[in-house]
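Geometric and topological summary
Read off the chains here:
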Amino acid sequence: RAKAQGSGHWTAHRPGDSDPGADRLLLLEQLRSGIREGELRVHYQPRQHLPTGQLSGVEALVRWQHPTRGLLQPAAFIDAAEQSGIIRELGAWVLTEAVEQAVRWDAAGGPAGLQTAVNLSARQLADPDLVPLVARTLARAGLPASRLVLEITETALMTDPDAALASLQALKALGVLLAVDDFGTGFSSFTYLKRFPVDELKIDRSFVTGMTTDAGDHAIVASCVHLAHAMGLVAVAEGVETAAERDALRALGADQAQGYFFSRPVPASALLPEPADVPG
Ligand code: C2E
Ligand code: MG
Ligand code: MG
Ligand code: MG
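Conventions used here
Residues numbered from 1 in each chain as written. Chains lettered and ligands numbered in written order. Predicted model: local features only at pLDDT ≥ 70, side-chain atom pairs only at ≥ 80, totals over all residues. Heavy atoms only, no water. Near = heavy atom within 4 Å. Polar contact = N/O pair within 3.5 Å; in protein donor to acceptor, adjacent residues only side chain to side chain. Helix = DSSP H or I, 4+ residues; strand = E, 2+ residues; numbered from the N terminus. Nonpolar A, V, L, I, M, F, W, Y, C, P; charged D, E, K, R; others polar. Donors = N, O, S within 2.8 Å, 3.2 Å for Na, K, Ca; no water. Phe/Tyr/Trp six-rings, centres within 6.5 Å; stacked < 30°, edge-to-face > 60°. Buried < 20%, exposed > 50% of the residue type's maximum accessible area, 1.4 Å probe, protein only. Contact = heavy atoms within 4.5 Å.

**Topic: the site of ligand 1**
- Residues in contact with ligand 1 amount to 24 residues; listed here are only the nearest, Arg63, Asn119, Asp181, Glu241 and Tyr260.
- For ligand 1, a nitrogen atom lies 3.2 Å from a polar atom in the backbone of valine 62.
- Within the side chain of glutamate 241, an N or O atom sits 2.4 Å from a nitrogen atom of ligand 1.
- Residue contributions to the shell around ligand 1 peak at 4 residues, all from strand 4 (residues 54–66).
- Classifying every residue of the shell around ligand 1 gives 10 nonpolar, 6 polar and 8 charged.

What follows is the structure in structure tokens.
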């Protein structure tokens, strides 16, 4: 990418110059090669069963160990990956890594039936190769489909709800579990919510954050829990940061919770033991 200078010379664009389009292209180029070079990481955030406090599952969250900028959070690259289509390679990599990690935890004697949740974007949901990819990934690793939860944001589901419905039905037929992520922020219509074959509602962090200080947020969380249960779905709260929030969620009968109060997302090795190397 070249850029005009006042003097009439042309110089290569450098990151940090005020040209967001060029910065984005550079980032995507780096991400494309970063995926190939093994720079992506998956961190895992535990999820707990509220009535017992037991670990019920983990959510896989992607990070990028950038060669010069350090460990990048999804906010720095997911939107660009989604818009460019690189999300397909990124998503396939995360899915494979998370499914293989679940099998490694089983081999190490991790908790029985631990569920692994993986996020899917709107673009992935619309990809005709998604269902075969999920089927192939589970079969190769030897993980039962019922151990995988696919999280799709309410906004992604409502981008093209009829197409989403068909994809969800095909995924459901594999036996995986489906969760509506960031529930409450995406203008779902109840008509679709009723038709989508989902298993869980993940109540958005913004409502959980306010629920102990704001009566409106508390009412919204309470309604989401009731709605989930009335529809036969599991109610999961995200973004729990305090004991007061955890207690309030328990009092409302929420099933599961996730948040910094329990643990931040961490590398696999920090969460559960790795299988011991077999000597000899
Ligand atoms: P999400 O799926 O709703 O994931 C929850 C986000 O909230 C994570 O941010 C997590 O670190 C953060 N979080 C969890 N507990 C707390 C808390 O108590 N307080 C606060 N302030 N934050 C909390 P993260 O890892 O930065 O991911 C952001 C979003 O990026 C995710 O939101 C998800 O939409 C997307 N994402 C992450 N990994 C992937 C991926 O592999 N594929 C796709 N398509 N999207 C991904
Ligand atoms: Mg999620
Ligand atoms: Mg969420
Ligand atoms: Mg989110």
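**Considering the coordination of the magnesium ion (ligand 2)**
- For the magnesium ion (ligand 2), every protein donor is listed as Glu59 (OE), Asn119 (OD1), Glu151 (OE) and Asp181 (OD), and the spread of their distances is 2.0 to 2.2 Å.
- Taken in sequence order, the residues that donate to the magnesium ion (ligand 2) follow the motif E-x59-N-x31-E-x29-D.
- Separating the magnesium ion (ligand 2) from the magnesium ion (ligand 3) is a distance of 4.1 Å, and aspartate 181 supplies a donor atom to each of them. A residue pair is termed long-range when its members are at least 10 positions apart, and glutamate 59 in strand 4 and aspartate 181 in strand 8 (residues 177–183) qualify at 122 residues.

**Here we look at the packing of aromatic side chains**
- Summed over the entire model, instances satisfying the criterion amount to 4 aromatic pairs.
- Centre to centre, the rings of tyrosine 44 and tryptophan 105 are 5.0 Å apart; their planes meet at 75 degrees, and the pair counts as edge-to-face. Taken together, the residues tyrosine 44 in strand 3 (residues 40–49) and tryptophan 105 in helix 3 (residues 87–107) connect sequence positions 61 residues apart. Tryptophan 105 matches tyrosine 44 in its accessibility class, with the two residues each being buried.
- When the ring of tryptophan 64 is compared with that of phenylalanine 77, the centres are 5.6 Å apart and the planes differ by 85 degrees; the resulting orientation is edge-to-face. In this pair, tryptophan 64 sits in strand 4 while phenylalanine 77 sits in the loop between strand 5 (70–72) and helix 2 (78–84), placing the two residues 13 residues apart along the sequence. For the pair formed by tryptophan 64 and phenylalanine 77, the shared burial category is buried.

**Describing the side chain of glutamine 256**
- Among the secondary structure elements, glutamine 256 is positioned in strand 11 (residues 256–257).
- For glutamine 256, a relative accessible area of 10% translates into the label buried.
- Contact partners of glutamine 256, with chain neighbours within four places excluded, come to Arg47, Gln48, His49, Leu50, Ser56, Val234, Ala235, Val236 and Ala237.

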